[in-house]
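Structural description and commentary
So the chains spell out like this:
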Amino acid sequence: MIIKFLRQQFVLFVTGIFLVSVLVACQRTPIAESPTPTVTPATEQTLSTTQFPPVAYPDRELSASPAELPELPYAYNALEKAIDAETMKLHHDRHHATYVENLNEALQKYPELQNRSVEAMLRDLNSLPEDIRETVRNNGGGHLNHTIFWQIMSSNGGREPTGEIAQQINQTFGSFDAFRKQFNQEGEDRFGSGWVWLVRNAQNQLQIVNTANQDSPIMEGLYPIMGNDVWEHAYYLRYQNRRAEYLNNWWNVVNWSEINRRVQAVSQQQG
Ligand SMILES: [Fe+2]
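Now for a quick tour of the structure. It should be emphasised that the depicted structure is a prediction, and the values quoted were computed from it without experimental measurement. (Residues numbered from 1 in each chain as written. Predicted model: local features only at pLDDT ≥ 70, side-chain atom pairs only at ≥ 80, totals over all residues.)

**Structural notes on helix 3 (residues 85–107)**
For helix 3, with 23 residues, the first-to-last C-alpha span of 32 Å sits near the 33 Å given by 1.5 Å per residue. Along its length, helix 3 shows its largest kink, about 30°, at His-91. Here the buried face of helix 3 lies against helix 5 (130–151) and helix 8 (236–239). (Helix = DSSP H or I, 4+ residues; strand = E, 2+ residues; numbered from the N terminus. Expected span 1.5 Å × (residues − 1). Bend = angle between axes of the 7 residues up to and from the residue. Contact = placed C-beta atoms within 7 Å.)

**Things to note about the sheet that holds strand 2 (residues 206–212)**
Reading across the sheet, the three strands line up as 2-1-3 and stay open at both edges, with antiparallel pairing between neighbours. Bordering the open sheet on either side are strand 2 and strand 3 (223–229), each of which pairs with just one other strand. Recorded for the sheet is a direction-independent mean angle of 25° between the axes of neighbouring strands. With seven bridges joining them, strand 1 (residues 194–200) and strand 2 adopt antiparallel strand pairing. (Pairing = 2+ DSSP bridges. Axes fitted to C-alpha atoms, helices over the stretch in contact; angles between N-to-C directions.)

**Details of the pairing of strand 3**
Burial of strand 3 is extensive: seven of the seven residues sit out of reach of the surface. In this sheet, strand 3 lies alongside strand 1 in antiparallel orientation, the contact comprising six bridges. Each residue of the ladder has a partner; that of Val-196, found in strand 3, is Asn-228. (Buried ≥ 20, exposed ≤ 12 C-beta atoms within 10 Å, placed from the backbone.)

**Some details on helix 7 (residues 176–189)**
Since the α-helix advances by 3.6 residues per turn, residues separated by three or four positions end up pointing in the same direction. Compared with an ideal rise of 1.5 Å per residue, which puts 14 residues at 20 Å, helix 7 spans 20 Å between its outermost C-alpha atoms and is within 8% of the ideal. Summarising the contacts, the buried residues of helix 7 are in contact with helix 6 (163–173), strand 1, strand 2, strand 3 and helix 9 (243–250).

Below is the structure:
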């Protein structure tokens, strides 16, 4: 009888110890201490989820430490077939230079951001401090858009496209003429200031889009293959308000070999 009583007491004691241990263990493992999630730094996160880097150049992104105005790859008067020398000088030396200056000034407050490329910041604007977000959007976008723009024009431009881009344009739009017409229309339809672009979308298709102000297609997950600036500062001296005429003449200076380099770069990224 006594043995039976002692055995019951022992079982109760052991059960009690077990329950207390479980309770203590539960208290010592709050949710916050469950395995630490891997926090990917913004740049890595952006690169891993974005299909198309780099963007400013076929082989590299734009540095922000500090941002620098790239030299024009030709003389101011090289593009006279479409754009006069005075417009080129003002556009590059004043407008583009101002975007670079404003971007650097904004980033001075946040030196840690200078380690990120301009593209990385534009792809992830919400990760930036709110007080400089719009400045980076406008001026980082302006720096990126114009850097691409200078490269995809040339004094030797103007012929019909060749190579991979010619094939892809024909497949997507039926013909170069149909593509050019649609591109010009998209540029005319951009109300106010902005850009018209040929982009590659996430489904690996070519698409014509326009963007407002200095917004970049990369903000929408699109890769810019080529783009034309439809701000008035790009054409007003020669064309005044005749944007359609500027859009039409612009094809005389389009640098298809550079555009093919951009197409090949994105094909390799995806391949
Ligand atoms: Fe511009």
